[in-house]
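What the coordinates show
Okay, here's what each chain looks like letter by letter:
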Amino acid sequence: MQSLRLRPMHGYALVKHIKQVSENLLQVEEGSLYPALQRMLKAGWLESETGTSAKGRPTRIYRVTAAGVQHLEKEVTSIEKMFTGITRVLAVAKT
């Protein structure tokens, strides 16, 4: 959702964006992306509209809703806390 917060995208563009921004550290398989997008649509965190891909094909363009932004902010906070804990454990292990 963080990537879609930057700008609306279709699924394939989202996969490419995540791969590029993460410098190939994150690989999102389309087989897991589309079910996740559907779950987020159903939860009301995303909305979609019909659009056209760069190759002229019909596609769904996804964007984050206000409810999605709220959910995303909670998740980011949770992940940041978890990362802080992991960092502390790793720091103790090095000493």
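Everything that follows concerns the structure shown earlier in this document.
Owing to the predicted nature of the structure, the values given are computational and were not obtained by experimental measurement.

**Overview of the nonpolar core**
- Grouped together as the largest cluster of nonpolar side chains are 13 residues, with contacts concentrated most on Leu4, Leu14, Leu33, Leu37, Met40, Leu46 and Tyr62.
- Contributing elements (two or more residues each) for this core: helix H2 (11-21), helix H3 (30-43) and strand E3 (58-64).
- Per-element tally for this core: the top contributor is H3, with five residues.
- The residues touching Leu4, leaving out its near neighbours within four places in the chain, are Met9, Leu14, Leu37, Leu46, Tyr62 and Val64.

**Quick look at a nonpolar patch on the surface**
- Nonpolar side chains collect at one region of the surface, where Ile79, Met82, Ile86 and Leu90 lie side by side and expose about 400 Å² of accessible area between them.
- When its relative accessible area of 52% is taken as the criterion, Met82 is described as exposed.

**Thoughts on the pattern of salt bridges**
- Taken as a whole and judged by the stated rule, the model has two salt bridges.
- Close ionic contact of Arg5 with Glu73 constitutes a salt bridge, the shortest N to O distance being 3.0 Å. Here Arg5 is found in helix H1 (residues 2-6), whereas its partner Glu73 is found in helix H4 (residues 66-94), with 68 residues between them in sequence.
- The class of Arg5 is partly exposed, set by a relative accessible area of 39%.
- One salt bridge in this structure joins Arg63 and Glu49, with 3.5 Å as the shortest N-O distance. One end of the pair, Arg63, is in strand E3; the other, Glu49, is in strand E2 (residues 46-52), with 14 residues separating them in the sequence.
- Residue classification places Arg63 among the partly exposed positions, given a relative accessible area of 26%.

**Quick word on the packing of H2 against H3**
- At their nearest, the axes of H2 and H3 sit 11 Å apart, and the two run at 120° to each other. Crossing handedness for the pair H2 and H3: right-handed. For the pair formed by H2 and H3, the contact residues are Gly11, Tyr12, Leu14 and Val15 on the first element and Glu30, Leu33, Tyr34 and Leu37 on the second.
- Along the lines of polarity and charge, the residues of the contact of H2 with H3 split into six nonpolar, one polar and one charged.

**Some words on the pairing of E3**
- Across two bridges, strand E1 (residues 9-10) lies against E3 in antiparallel orientation. If you follow His10 over to E3, its bridge partner there is Ile61.
- In this structure, E2 lies alongside E3, joined through seven bridges in antiparallel fashion. From the neighbouring strand, Glu47 faces E3, where its bridge partner is Arg63.
- What sits between the antiparallel neighbours E2 and E3 is a turn of five residues, in which Gly56 has the positive phi angle 85°.

What counts and what doesn't
- Residues numbered from 1 in each chain as written.
- Predicted model: local features only at pLDDT ≥ 70, side-chain atom pairs only at ≥ 80, totals over all residues.
- Heavy atoms only, no water.
- Core = buried A, V, L, I, M, F, W, Y, C linked by side-chain atoms within 4.5 Å.
- Buried < 20%, exposed > 50% of the residue type's maximum accessible area, 1.4 Å probe, protein only.
- Helix = DSSP H or I, 4+ residues; strand = E, 2+ residues; numbered from the N terminus.
- Contact = heavy atoms within 4.5 Å.
- Patch = residues over 30% accessible without salt bridge, like charges linked within 9 Å, V, L, I, M, F, W, Y side chains within 5 Å.
- Areas by Shrake-Rupley, 256 points an atom, 1.4 Å probe, with all protein chains shown as cover.
- Salt bridge = Lys/Arg side-chain N within 4 Å of Asp/Glu carboxyl O.
- Axes fitted to C-alpha atoms, helices over the stretch in contact; angles between N-to-C directions.
- Left-handed = near helix turned anticlockwise from the far one by under 90°.
- Nonpolar A, V, L, I, M, F, W, Y, C, P; charged D, E, K, R; others polar.
- Pairing = 2+ DSSP bridges.

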